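# Inside the fold
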Amino acid sequence: MNKKIYIIEDDDNIREMLKIALTSLTYEVTAFDNAEDALATIYTTPPDMIIFDIMLPGMNGLDATKELRSSSQTQKIPIVMLTAKDTELDKVTGLDCGADDYIAKPFSIMELGARIRSLFRRTGQEGSPSSEDIKISDLHINNNTREVVQSSKPIDLTFKEYELLCMLIREHGRIVPREELISAIWGFDFLGESRTLDMHIRTLRQKLGDDADHPKYIKTVRNVGYRFIGE
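Notes on the structure follow. (Residues numbered from 1 in each chain as written. Predicted model: local features only at pLDDT ≥ 70, side-chain atom pairs only at ≥ 80, totals over all residues. Heavy atoms only, no water.)

## Notes on the pairing of strand β1 (residues 4-8)
Successive residues of a regular strand alternate their side chains across the two faces of the sheet. What counts here: Residue exposure (1.4 Å probe, protein chains only): buried if accessible area is under 20% of the type maximum, exposed if over 50%, otherwise partly exposed. Helix and strand assignments follow DSSP, with helices taken as H or I runs no shorter than four residues and strands as E runs no shorter than two, numbered in order from the N terminus. Pairing between two strands requires that DSSP report at least two bridges joining them. Every crossover in which the path from the first strand over the helix to the second runs clockwise, viewed with the strands pointing away from the viewer, is termed right-handed.
Counting buried residues along β1, five of its five residues qualify, which places the element largely inside the surrounding structure. With burial as the criterion, each face of β1 is covered, one bearing Lys4, Tyr6 and Ile8 and the other bearing Ile5 and Ile7. Note: β1 against strand β2 (residues 28-32), five bridges, orientation parallel. In the sheet register, Lys4 faces β2, and the bridge partner there is Glu28. Tracing the backbone out of β1, into helix α1 (residues 12-24) and back to the parallel element β2 gives a crossover that is right-handed. Summarising the sheet, β1 and strand β3 (residues 49-53) pair through four bridges and their orientation is parallel.

Following this line, the structure appears as structure tokens:
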């Protein structure tokens, strides 16, 4: 079942853009233009994540977040703060109110998508639960021990190789853009060249015995990104 995300944003254009973009990323999206209506729905039908603009008519995003964090029913829902402000004080205030992450306008949809996936992973909601094994094709991944076994043979992966493999598998069938992989695996402030990603993909393929020209697991989509195709 697709994850359910609520967007609370009073700017019509931004709200519609977010709804279209996140729907295209396979999320089930409901959008509100004020916090009061959103809260009424959240308490009756809790989502998997909430994206709050800070500046809203009536109750602002900070106060709404504090209210949600004070209720046992909603205190664990991941919350992302979305705002035009980009000062350290605003960021700290948002996080102190209970937000899990913060992103300032203007932003790229690719960055927002990567942050959402990262937050779902941190809260154990994205893809397979972190406590469960992943079994696909001839691969068996133990998320507790971070061990990867291929046809009963252990595969020794580095931390980044493991993270890359798991992310691609979680996005099975979807082309994951290069920028999204870099942001999710290395962080948003990573200053290295994109060749770092290519190098890790190359060594990961070597360890899996995969052929870039005739891939069994990881397919390159030129100038876009990578896609896991194993069945």
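## Details of the sheet that holds strand β5 (residues 101-104)
Which entries qualify depends on this criterion: The convention used is that axes are lines fitted to C-alpha atoms, helices contributing only their stretch in contact, and that angles between N-to-C directions extend from 0 to 180 degrees. Contacts are assigned to residue pairs with any non-hydrogen atoms lying within 4.5 Å of each other.
In spatial order, the strands read β2-β1-β3-β4-β5; together these five strands make up an open sheet with parallel pairing. Looking along the sheet, the strands with just one partner apiece sit at the ends: β2 and β5. Sheet twist, expressed as the mean angle between neighbouring strand axes with direction ignored, is 20°. Along the sheet, α1 contacts β1, β2, β3 and β4 (79-83); its crossing angle with β2, the most-contacted strand, is approximately 170°. The strands touched by helix α2 (residues 35-44) within the sheet are β1, β2 and β3, with β1 carrying the most contacts at an inclination of about 160°.

## Here we look at the side chain of Thr74
By the secondary structure assignment, Thr74 is in the loop between α3 (61-69) and β4. Excluding residues within four positions of it along the chain, Thr74 makes contact with Ile42, Tyr43, Leu68 and Arg69.

## Remarks on the nonpolar core
We count it as follows: By nonpolar core is meant a set of buried Ala, Val, Leu, Ile, Met, Phe, Trp, Tyr and Cys residues that side-chain atoms within 4.5 Å join together.
Counting 27 residues, the largest nonpolar core has Ile141, Leu165, Leu168, Leu181, Ile218 and Phe228 as its most contacted members. Mapped by element, the contributors of at least two residues to this core are β6 (134-136), β7 (139-142), α6 (159-170), α7 (178-186), α8 (195-208) and β12 (225-228). With seven residues, the single largest contributor to this core is α6. Beyond its immediate stretch of four places on either side in the chain, Phe228 contacts Ile136, Leu139, Leu165, Leu168, Ile169, His172, Gly173, Tyr217 and Ile218.

## Here's the deal with helix α5 (residues 109-122)
Put simply, the rule is: Multiplying 1.5 Å by the helix residue count minus one yields the expected span of that helix.
Taking 1.5 Å of rise per residue, the 14 residues of α5 would be expected to cover 20 Å, and the 20 Å separating its terminal C-alpha atoms lies within 8% of that figure. Buried residues dominate α5, accounting for 10 of its 14 residues. Taken together, the buried positions of α5 are Leu112, Gly113, Ala114, Arg115, Ile116, Arg117, Ser118, Leu119, Phe120 and Arg121.

## A few points about the side chain of His200
We apply this condition: Any pair of nitrogen or oxygen atoms within 3.5 Å is treated as a polar contact; in protein, a donor-acceptor pairing is required on top of that, and neighbouring residues in sequence qualify only through side-chain atoms on both sides.
Note on placement: His200 falls in helix α8. Within the structure, His200 has its side chain in polar contact with the backbone oxygen of Thr196 (distance 2.8 Å).

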